[in-house]
Structure formats: structure tokens, C-alpha cells
Amino acid sequence: MPKRQQLNTSETTSGQGLLWLFGAILSIQGFGSAITEAGWNTSFGVAGLLRAAHVPEWGTLLVGCAGAALLATAARRHSTKSRASRRP
């Protein structure tokens, strides 16, 4: 039975970076669009695309929640990785 190969550090680092990036983008676009639309009755970015697709107003909040979930996953992986590197 062949041994499982460890992922290259650069591959895991870039994947971790993408989680942070997409989480931040989705959070800003989702929550920012919802706030802008509620406060100024103006759609931009994700909200504008979702309105054109006839998605209900709470759809932008779902996008923001998806971003928050990605950020939480990235934070959990980061803390797990840092704890593992501190072990002897």
C-alpha cells in the first residue's frame, strides 16, 4: 500500500490564502450590498447581479454569510496549523 503524500507547503499556503481572499470578498460584497441597498436604495456588485436574476433581497445576506463561513474556516485551519507547528 503506497504512503499518502503530504501536500506541498506552497500548495496549502496558496489554498489558505484563497480561502481568506474569497471569504473577504464575499463578506464585503454580501453585507456591503445589503447595507447599501437598505440605506440608500442602491444596488451594486453582487446585489445588482442578484436583483437582475430576481433573487429576493435576503440573497445578499446569504452571500455575506457564505463569506463569513469561509473566513471562519480559514481562521480555524490557521489556528490548527499553528498549534500543530508548536508541538514538539
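Every value quoted in this text rests on a predicted model; they were computed, and no experiment measured them.

Asks: Please clarify how the environment of Glu57 should be interpreted in this entry.
Replies: Examined against the element boundaries, Glu57 turns out to sit in the loop between α2 (45-52) and α3 (59-86). Once the C-alpha coordinates of Glu57 and Ala47 are considered, the two residues, ten residues apart in sequence, prove to be 8.0 Å apart. Filtering out sequence-adjacent residues up to four positions away, Glu57 remains in contact with Glu37 and Arg51.

Asks: Help me understand a nonpolar patch on the surface in this model?
Replies: A cluster of nonpolar side chains, namely Phe31, Ile35, Trp40, Trp58, Leu61 and Leu62, defines an oily patch on the protein surface of about 690 Å² accessible area. Every element with two or more residues in the nonpolar patch is listed here: α1 (9-40) and α3. If one sorts the elements of the nonpolar patch by residue count, α1 sits on top with three residues. For Ile35, the position within the fold is in helix α1.

Asks: Sorry if this is basic, but what is going on with the side chain of Thr36 here?
Replies: Counting through the fold element by element, Thr36 comes out in helix α1. Here Gly32 takes part through its backbone oxygen, which lies 2.8 Å from a polar atom of the side chain of Thr36. Ignoring sequence-local partners within four residues, the contact set of Thr36 consists of Asn41, Thr42 and Phe44.

Thresholds applied
Residues numbered from 1 in each chain as written. Predicted model: local features only at pLDDT ≥ 70, side-chain atom pairs only at ≥ 80, totals over all residues. Heavy atoms only, no water. Helix = DSSP H or I, 4+ residues; strand = E, 2+ residues; numbered from the N terminus. Contact = heavy atoms within 4.5 Å. Patch = residues over 30% accessible without salt bridge, like charges linked within 9 Å, V, L, I, M, F, W, Y side chains within 5 Å. Areas by Shrake-Rupley, 256 points an atom, 1.4 Å probe, with all protein chains shown as cover. Salt bridge = Lys/Arg side-chain N within 4 Å of Asp/Glu carboxyl O. Polar contact = N/O pair within 3.5 Å; in protein donor to acceptor, adjacent residues only side chain to side chain.

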